[in-house]
Amino acid sequence: MATETPPPSNTQTRHPSGEEFAEVQQSPEFAELRHSHRSFAFPLTIAFIAWYLLYVVLSSYADDFMGTKVVGNVNVALVLGLAQFLTTFLIAWWYARHAAARLDPKAEAIKSRMEGGA
């Protein structure tokens, strides 16, 4: 099955200069975009690393606790290990929603302004 590629766009995209990039980087709009990203990503990254390290430390030093049976042959270590995967996917989903709602519109506005020369 062959796929068709769309025809090339007839509109020319303007390429901003280095000075324009530096000017936009200093703008309040870009600072707000950077703040929105950092205020979401940094705390979640720190929380996830702490959660991961807690799992590693418990696995290394709390054998009795991690070996505690929860249901049948399922122990605390297995539950916490699977929770690592679950939290990874939840954080990725949450970030995608955050980016689509708060970051992408701001980034698109900056991009449009730069490419349009407004």
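Look above for the structure.
The rules behind the values
- Residues numbered from 1 in each chain as written.
- Predicted model: local features only at pLDDT ≥ 70, side-chain atom pairs only at ≥ 80, totals over all residues.
- Heavy atoms only, no water.
- Helix = DSSP H or I, 4+ residues; strand = E, 2+ residues; numbered from the N terminus.
- Rg over C-alpha atoms; globule rule 2.2 N^0.38 Å.
- Buried < 20%, exposed > 50% of the residue type's maximum accessible area, 1.4 Å probe, protein only.
- Areas by Shrake-Rupley, 256 points an atom, 1.4 Å probe, with all protein chains shown as cover.
- Phe/Tyr/Trp six-rings, centres within 6.5 Å; stacked < 30°, edge-to-face > 60°.
- Polar contact = N/O pair within 3.5 Å; in protein donor to acceptor, adjacent residues only side chain to side chain.
- Axes fitted to C-alpha atoms, helices over the stretch in contact; angles between N-to-C directions.
- Parallel < 35°, antiparallel > 145°, perpendicular 65-115°, else oblique.
- Left-handed = near helix turned anticlockwise from the far one by under 90°.
- Contact = heavy atoms within 4.5 Å.
- Nonpolar A, V, L, I, M, F, W, Y, C, P; charged D, E, K, R; others polar.

### Overview of the overall build of the chain
At step 1: Tallying secondary structure elements over the chain gives four helices and two strands in all.
At step 2: In the chain, the succession of helices and strands from N to C terminus is α-α-α-β-β-α.
At step 3: Computed over the C-alpha atoms, the radius of gyration of the chain is 23 Å, more than 25% above the 13 Å expected from 2.2 N^0.38 for a compact globule of 118 residues.
At step 4: Principal-axis analysis of the C-alpha atoms gives the chain an extent of 65 × 50 × 20 Å.
At step 5: Burial statistics for the chain: of 118 residues in total, 17% are counted as buried.
At step 6: Roughly 9,200 Å² of accessible area belongs to the chain as shown, and the carbon and sulfur atoms make up 65% of that amount.

### Observations regarding the packing of aromatic side chains
At step 1: Applying the stated rule across the entire model yields two aromatic pairs.
At step 2: Relative to Tyr95, the ring of Phe40 has its centre 5.9 Å away and its plane inclined at 45°; by these criteria the two rings are tilted. A residue pair is termed long-range when its members are at least 10 positions apart, and Phe40 in helix α2 (residues 28-61) and Tyr95 in helix α4 (residues 76-116) qualify at 55 residues.
At step 3: Through successive ring pairs, a cluster of aromatic residues spans Phe40, Trp94 and Tyr95.

### Side note on the side chain of Ser27
At step 1: When you line up the elements, Ser27 lands in the loop between α1 (18-25) and α2.
At step 2: According to the relative accessible area criterion, Ser27 is buried, its value standing at 12%.
At step 3: A distance of 2.7 Å separates a polar side-chain atom of Ser27 from the backbone oxygen of Val24.

### Some remarks on the packing of α1 against α4
The relative placement of two packed helices is expressed as an angle between their axes plus a distance between the axes.
At step 1: Between α1 and α4, the shortest axis-to-axis distance is 11 Å and the interhelical angle comes to 150°. Of the possible angle classes, the one that applies to α1 and α4 is roughly antiparallel. For the pair α1 and α4, the crossing hand works out as right-handed. Only Ile110, Arg113 and Met114 of α4 make contact with α1, whose side of the interface consists of Glu20, Phe21 and Val24.
At step 2: Per-class residue counts for the contact of α1 with α4 are four nonpolar, no polar and two charged.

Keep in mind that these numbers describe shape and distance, not what the molecule does.
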